[in-house]
Amino acid sequence: MEDRAFTVSLDKNPVISMKVIPGHFTTSHFHTNYYLDLDNLKTNASVARDVAEELALPYLSSTLVDTIVCIEGTEVIGAYLADELLREGTSVVNSGRDIHVVTPRSNVNRQFIFHHNIQKVIYNKNIILLVSSISSGITFNSALECLSYYGGKLVGVSALFNAYPDMHEQEVHSLFTSKDIPGYQLYSPGECAMCKEGRKLDAIIVHDGYIRM
Ligand SMILES: [Zn+2]
């Protein structure tokens with residue numbers, strides 16, 4: 001499994017790359033033939049800064065931003081993204097403003113919530129939602145619902161990876177998509193082609209990695 005891993009890099013800046021591991025994986029919602037290792041993008045400070053520079057581009061000159069909401073471990077990128085947006089410059093609309101970088105909590109029903117003290121930087125504020133990976137869309141939709149519930153005004157969504165770049169009502173600015181990974185597939189558990197071939201699962205994908213079977 002790991003020995004067949006390969007790397008997919010951004011043409012513009014090859015420092016921005018993800019490790020892709022082929023196999024038969026399951027999450028609680030779907031089966032897939034690839035595990036994407038995005039950890040280095042999220043936790044390696046100098047790489048995260050490059051990622052933020054890239055993600056800032058669609059917003060720099062036109063989008064007023066009050067708050068960046070980070071989910072799925074994107075806080076380091078979020079901080080650098082705020083820094084990029086606050087840069088001084090003639091065509092930079094956010095310089096001199098305040099930008100908050102926050103993360104929602106999960107309640108017992110695994111819904112995203114904001115505690116009372118954070119709600120003031122959400123309600124009626126211009127918000128960028130920053131996510132790691134959009135695959136089944138369940139976590140993504142739950143984050144969108146949360147922002148809408150707390151009265152946030154969504155001005156952009158940025159993702160490191162988006163499995164369905166053409167399928168969301170909401171435009172998503174993503175570094176990588178399924179088009180960068182040859183043969184990338186997501187299956188609902190009952191329809192998985194690998195299961196139908198009798199192939200055993202290799203690993204369970206959890207929120208911060210995978211567990212080998
Ligand atoms: Zn399967």
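Our subject in this report is the structure included herewith. In this text the structure is predicted, and so the values were computed from the model without any measurement. (Residues numbered from 1 in each chain as written. Predicted model: local features only at pLDDT ≥ 70, side-chain atom pairs only at ≥ 80, totals over all residues. Heavy atoms only, no water.)

Digging into the overall build of the protein
So, step 1. Looking only at helices and strands, the protein has six helices and 13 strands in total.
So, step 2. Against the 2.2 N^0.38 benchmark of 17 Å for 213 residues, the protein shows a C-alpha radius of gyration of 18 Å, consistent with a compact globule.
So, step 3. Principal-axis analysis of the C-alpha atoms places the extent of the protein at approximately 60 × 40 × 30 Å.
So, step 4. When burial is assessed residue by residue, the protein has 45% of its 213 residues classed as buried.
So, step 5. Across the protein, the fraction of contacts at a sequence separation of at least 24, relative to all contacts at a separation of at least 6, is 65%.
So, step 6. Taking the average location of the 17 positive side-chain charges in the protein and that of its 24 negative ones, the two points are 4 Å from each other. (Helix = DSSP H or I, 4+ residues; strand = E, 2+ residues; numbered from the N terminus. Rg over C-alpha atoms; globule rule 2.2 N^0.38 Å. Buried < 20%, exposed > 50% of the residue type's maximum accessible area, 1.4 Å probe, protein only. Contact = heavy atoms within 4.5 Å. Lys, Arg positive; Asp, Glu negative; His and termini not counted. Charge placed at Lys NZ, Arg CZ, Asp CG, Glu CD.)

Overview of the pattern of salt bridges
So, step 1. By the definition in use, this model includes six salt bridges.
So, step 2. Here lysine 179 makes a salt bridge to aspartate 166, at a shortest N to O gap of 3.2 Å. With lysine 179 in the loop between strand 10 (173-177) and strand 11 (186-187) and aspartate 166 in the loop between strand 9 (153-162) and strand 10, this pair connects stretches of sequence that are 13 residues apart. Judged on exposure class, the residue lysine 179 and its partner aspartate 166 are both exposed.
So, step 3. The partner of aspartate 202 in a salt bridge is arginine 199, and the shortest N-O contact between them spans 3.8 Å. (Salt bridge = Lys/Arg side-chain N within 4 Å of Asp/Glu carboxyl O.)

Observations concerning the coordination of the zinc ion
So, step 1. Within the protein, the zinc ion binds to His24 (NE2), His31 (ND1), Cys192 (SG) and Cys195 (SG); these donor distances fall in the range 2.0 to 2.4 Å.
So, step 2. Around the zinc ion, the four donor atoms are arranged such that angles at the metal cover 98 to 115°; this shape is classified as tetrahedral.
So, step 3. Sequence positions of the donors to the zinc ion reduce to the motif H-x6-H-x160-C-x2-C. On the criterion of sequence distance, the pair formed by histidine 24 in strand 2 (residues 17-26) and cysteine 192 in the loop between strand 11 and helix 6 (193-196) is long-range, its members being 168 residues apart. An identical accessibility class is assigned to histidine 24 and cysteine 192; each is buried. (Donors = N, O, S within 2.8 Å, 3.2 Å for Na, K, Ca; no water. Tetrahedral: all angles 85-135°; square planar, octahedral: opposite > 155°, others 65-115°.)

Points about helix 5 (residues 138-149)
So, step 1. Between its terminal C-alpha atoms helix 5 stretches 16 Å, which fits the 16 Å expected from 12 residues at 1.5 Å a residue.
So, step 2. Burial in helix 5 covers these residues: Phe140, Ser142, Ala143, Leu144, Cys146 and Leu147.
So, step 3. Next to the buried residues of helix 5 lie strand 4 (67-70), strand 7 (112-113), strand 8 (126-134) and strand 9.
So, step 4. Two residues or fewer past helix 5, glycine 151 is found with a positive phi of approximately 75°. (Expected span 1.5 Å × (residues − 1).)

Everything listed is a geometric property; what it means functionally is a separate question.
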